[in-house]
Amino acid sequence: MTARLFRMELRLLLRAPSCAVLAVLMLLALCWGAANGARHVRAQQATIERIDQHVRGKVAADQAALARWRASAGPRLPYWQDPSDPAGYMRYGLHAYAVKAPAPLAAVAVGQSRLLPYYLRVDLDYVAPPAAAFDFVSPRLLGLGEVDLAFLLVYIWPLAVIALGATRLAAERDSGALALIAAQARSLRLLVLGKFAALATVCVPFVLAATALALVLAGTSLRAAPAALALLAVALAGYTLFWVALASFVASRNGVVGSSLRLVGAWIALAFLLPAAAALLVDLGRTPAPALAYLDALRRANDVAPARRDALFKDYVASRPAYHGALARVAAVPYATKQIAVQMAAERKAAASVARRRAQAGARAAALQWLSPVLVVDGLLQRMAGTGIERHEAFLRDADDYTNRLRAFFWPRALQAAAAPAEHCAGCAVRLAFTEHDAIPRYQPVRSAGGPAPAPIDGALASYPWLLAAILVALMGLGRRGPLP
């Protein structure tokens, strides 16, 4: 009886006009979302390509200028215009960027990438992570995000499942046929399982196939990140089963109107009310450092009087015998070289504020992502797409490492030039103390390279027990049937 009921429900569901209409609309919507994500990825790739061309062009222009000035007998260039002076070049002539290339599945979720910068101009003397580039769009509008594949799968797809599942058994209950059907079944639980197993058999393969088709049509290679794609398939299957189980729990106890209202209410509660209430409670229960206090701490760390700058430079050089020659000529040392000592002192002074700010940046989102299956799956898709806060934090650490590599390249050369300054070469306008522009380190991402890093995947897997527990709770409720009408 159960197998026959399952086959009959499957046929009825596949032949239902509402099922076909929902499938077509959902497929079109997923293709639209994947296309939006792909367009966002192409824009980022084009910008990163322009940055690479700009950096290569800048080095070529500097070398051409150096060759021109080397042969020139004109007026001698000041250090801040001399492309062969290490101190002047590292502060005024260097163009270096850290970039976060889109991950293979970036088209799945735009995520936080509209709010978080994906390229940074590397500066050798900053005490805090560079802020995002200016964007003349309201941050509130940016915070709403775009209609991408993740938004449609996480927020709209459950409504399609609810539309199909709210009438299962509920229609029979309203018409009075449920008692007759139940009388022919071995148990009401098997009857419910048969009907909603047919719903799951339709919904799970459909969402997986439609998502894959949307990604392919948008130009995403399904072979680029097989592990992440497998994880995406498991996440979508589990998420769909959760809503099917919830629909079976509600629709088997209520009529069509009652089950529809309750399921939509559950969707609103899980998608909006619960996260908003939890965020309010989290904000009430903590006292984050105000943004103005953080900016004031950075300002105080960087606020160095000129006399204090010379003293800091003397202390810095005094502990490094190789550069003791600069102690006798501190007043003549270029400002850019003295800033090395100022930078080290400012970083020590602001270290506590910067560390506290970084720790607070993702703490709120990390605390809230476990509260609802909607947030769990949304976070999973962002981590798979490489557009979440975790990969951005890895990108900031890679940018820090790149800054330190550039400092290790330029600072010894600038300090050596301060200790034993090179004179302008005979018959030319430049010093020729630095001619290794081709050897300037290039950005090499480590933690944020490629697709999802192992740590985010581990975090994604760790979230599945919560999702599976919710499904089991809904399935266990199948055994507690109310009286038949």
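Each value, and the rule that gives it
- Each chain has its residues counted from 1, following the order in which its sequence is written.
- Reporting of local features is limited, given that this is a predicted model, to residues whose pLDDT is at least 70; pairs of side-chain atoms are given and counted only at 80 or more, and all residues count toward the totals for whole chains, interfaces and linings.
- Calculation of side-chain values draws on the structure's entire complement of heavy atoms; hydrogens and water are dropped beforehand.
- A run of H or I in DSSP becomes a helix once it reaches four residues, and a run of E becomes a strand once it reaches two; helices and strands are each numbered from the N terminus.
- Three labels apply to residues, based on accessible area from a 1.4 Å probe with only protein chains included: buried if under 20% of the type maximum, exposed if over 50%, partly exposed otherwise in between.
- For the area figures, the Shrake-Rupley method with a 1.4 Å probe applies, and any residue is considered shielded solely by the protein chains shown.
- One side-chain nitrogen of Lys or Arg within 4 Å of one carboxyl oxygen of Asp or Glu is enough to make a salt bridge.
- Nonpolar core, defined: a set of buried Ala, Val, Leu, Ile, Met, Phe, Trp, Tyr and Cys residues in which side-chain atoms within 4.5 Å join the residues together.
- Aromatic pairs are defined between Phe, Tyr and Trp rings, using the six-membered ring for Trp, whenever the two ring centres lie within 6.5 Å; interplanar angles under 30 degrees are classed as stacked, those over 60 as edge-to-face, and all others as tilted.
- Charges are assigned to positions over rings by a cutoff of 6 Å between ring centre and Lys NZ or Arg CZ, combined with an angular limit of 35 degrees from the ring normal.
- UniProt positions are given in the numbering used here, feature names are shortened, and annotations may be inferred rather than shown by experiment.
- Patch members must show over 30% relative accessible area and no salt bridge, and they are joined within 9 Å when carrying like charges or within 5 Å when they are nonpolar side chains of Val, Leu, Ile, Met, Phe, Trp or Tyr.

The protein carries the name DUF3526 domain-containing protein in an unreviewed UniProt entry, which gives Pseudoduganella chitinolytica as its organism.

Concerning the overall build of the protein
The helix and strand tally for the protein stands at 18 helices and 2 strands. Counting every position in the protein, which comprises 485 residues, the buried fraction comes to 47%. Carbon and sulfur atoms make up 64% of the accessible area of the protein, which amounts to about 23500 Å² in all.

Some details on the pattern of salt bridges
In the structure shown here, the tally under the stated rule is 11 salt bridges. A salt bridge links glutamate 390 to arginine 383; its shortest N-O distance comes to 3.3 Å. Judged by relative accessible area, arginine 383 falls into the buried class, the value being 9%.

Comments concerning the nonpolar core
Of all hydrophobic cores here, the largest spans 71 residues; its most connected members are Leu30, Val108, Phe196, Trp243, Val374 and Leu381. Those elements that place two or more of their residues in this core are helix H1 (2–15), helix H2 (17–70), helix H5 (149–165), helix H8 (188–217), helix H9 (226–251), helix H10 (256–284) and helix H15 (373–385). Considering each element in turn, this core owes the most residues, 14 residues, to H9. By size, the runner-up hydrophobic cluster in this structure holds 45 residues, among which are Ala326, Val330, Phe395 and Tyr402.

What about the packing of aromatic side chains?
If you walk through the whole model with that rule in mind, you get 15 aromatic pairs. One aromatic cluster is present, formed by Tyr89, Phe409, Phe410 and Phe434 through successive ring pairs. If you follow arginine 413 out to its NZ or CZ, it ends over the ring of phenylalanine 409, 4.0 Å from the centre.

Here we look at the UniProt feature "transmembrane region" (unreviewed entry) in the protein
The residues that UniProt annotates with the feature "transmembrane region" (unreviewed entry) are residues 149–171, 192–218, 224–251 and 263–282. Helix makes up 83% of residues 149–171 and strand 0%, whereas the separation of the span's terminal C-alpha atoms amounts to 32 Å. In residues 224–251, the share of helix is 93% and the share of strand is 0%. The end C-alpha atoms are 41 Å apart.

A look at a nonpolar patch on the surface
On the surface, Val264, Ile268, Phe272 and Leu273 cluster together into a nonpolar patch covering about 340 Å² of accessible area. By secondary structure assignment, the location of phenylalanine 272 is in helix H10.

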